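# Structure at a glance
As a plain string of letters, each chain reads:
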Amino acid sequence: KQEVTQIPAALSVPEGENLVLNCSFTDSAIYNLQWFRQDPGKGLTSLLLIQSSQREQTSGRLNASLDKSSGRSTLYIAASQPGDSATYLCAVKLMIYNQGGKLIFGQGTELSVKP
Amino acid sequence: EAGVAQSPRYKIIEKRQSVAFWCNPISGHATLYWYQQILGQGPKLLIQFQNNGVVDDSQLPKDRFSAERLKGVDSTLKIQPAKLEDSAVYLCASSLEAGAHYGYTFGSGTRLTVV
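Residues numbered from 1 in each chain as written. Chains lettered and ligands numbered in written order. Predicted model: local features only at pLDDT ≥ 70, side-chain atom pairs only at ≥ 80, totals over all residues. Heavy atoms only, no water.

Here we come to the state of the cysteines. All names here are of chain A. Evaluation of the coordinates by the stated rule reveals two disulfides over all chains. Disulfide partner of Cys23: Cys90, at an S-S distance of 1.9 Å. Residues Cys23 and Cys90 are joined through a disulfide that is right-handed, its torsion about the S-S bond being 65°. Of the two residues, Cys23 sits in strand β3 (residues 19-25) while Cys90 sits in strand β9 (residues 86-96), which places them 67 residues apart along the sequence. Across this residue pair, the class does not change: Cys23 and Cys90 are buried. (Disulfide = S-S within 2.5 Å. Helix = DSSP H or I, 4+ residues; strand = E, 2+ residues; numbered from the N terminus. Buried < 20%, exposed > 50% of the residue type's maximum accessible area, 1.4 Å probe, protein only.)

This part is about the nonpolar core. Within the largest apolar cluster, 24 residues are counted, with the highest numbers of intra-cluster contacts made by Leu33(A), Trp35(A), Leu75(A) and Val92(A). Contributions of two or more residues to this core are made by β3, β4 (32-38), β5 (44-51), β7 (62-67), β8 (72-77), β9 and β11 (109-114) of chain A. With five residues, the top contributor of residues to this core is β9(A). Residues contacting Val92(A), with those up to four places away along its chain left out, are Gln2(A), Val4(A), Phe25(A), Ile30(A), Asn32(A), Leu33(A), Lys102(A), Leu103(A) and Ile104(A). With 21 residues, the next largest nonpolar core counts Ile13(B), Leu46(B), Phe49(B) and Cys92(B) among its residues. (Core = buried A, V, L, I, M, F, W, Y, C linked by side-chain atoms within 4.5 Å. Contact = heavy atoms within 4.5 Å.)

Glancing now at the side chain of Gln6(B). All names here are of chain B. Examined against the element boundaries, Gln6 turns out to sit in strand β1 (residues 5-7). You can call Gln6 buried: its relative accessible area is 11%. Within polar-contact distance, the side chain of Gln6 engages the backbone oxygen of Tyr90 at 3.0 Å. Of the polar contacts made by the side chain of Gln6, one reaches the backbone nitrogen of Cys92; its length is 2.9 Å. Setting aside residues up to four positions removed in sequence, Gln6 forms contacts with Trp22, Cys23, Trp34, Tyr90, Leu91, Cys92, Gly107, Ser108, Gly109 and Thr110. (Polar contact = N/O pair within 3.5 Å; in protein donor to acceptor, adjacent residues only side chain to side chain.)

Residue and element names in this part refer to chain B. Reading across from one edge, β1-β3-β8-β7 is the order of the four strands in this open sheet, with antiparallel pairing throughout. Strand pairing shows two members of the sheet lacking a second neighbour, β1 and β7 (65-69), which therefore form its edges. For this sheet, the mean inter-axis angle between neighbouring strands, taken without regard to orientation, is 15°. Bridge count between strand β3 (residues 19-24) and strand β8 (residues 75-79): five bridges; the pairing is antiparallel. When the bridges of β8 are listed, Ala20 appears paired with Lys78. (Pairing = 2+ DSSP bridges. Axes fitted to C-alpha atoms, helices over the stretch in contact; angles between N-to-C directions.)

This is the structure:
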């Protein structure tokens, strides 16, 4: 059974700091991994999608890496800003025979960036 | 492109009442998902549709939850009767296909409070 774990559960940093969020998964047979952002009371916004054949993806100040063999992904946020405060969720996509894709989520890391 | 639309945004009901949520996926997206997100946890898949057929409903509490996808487009999720533990955010997501390489787009969610 695939399990996705995110560490830490919560993180508070001063503005301008670079930070890393961690995601680990137990079964390396994934098709892709997606990082999402969730603001309080809102839905999920996709940040980065890394296919299983890729090692990393970048978008602006965000960089996500994927190491399938070790079952790990990291989300790096450079020069953090108060507007980055949100919950960050990682999810791995499994392919289930006759069922297509299935997204399994971690529990999220709640990030607070202090001015 | 327009995103995934969900309504209502908020709903407060008493236990044992019934409630329905609506989702309109991105045009052309064949795969539609309903997720339940309890406060402090990652989203959990309730049901997955491929066009208008159910692909996976293994985690749907079928004694009280039901869902349908009319003509392979819009979908409704119903709870009858509701319990206190159903209080959560219900998220709808769609994907072009269920295949390996496609990411998910989420709606803003419906926050349900059962009192």
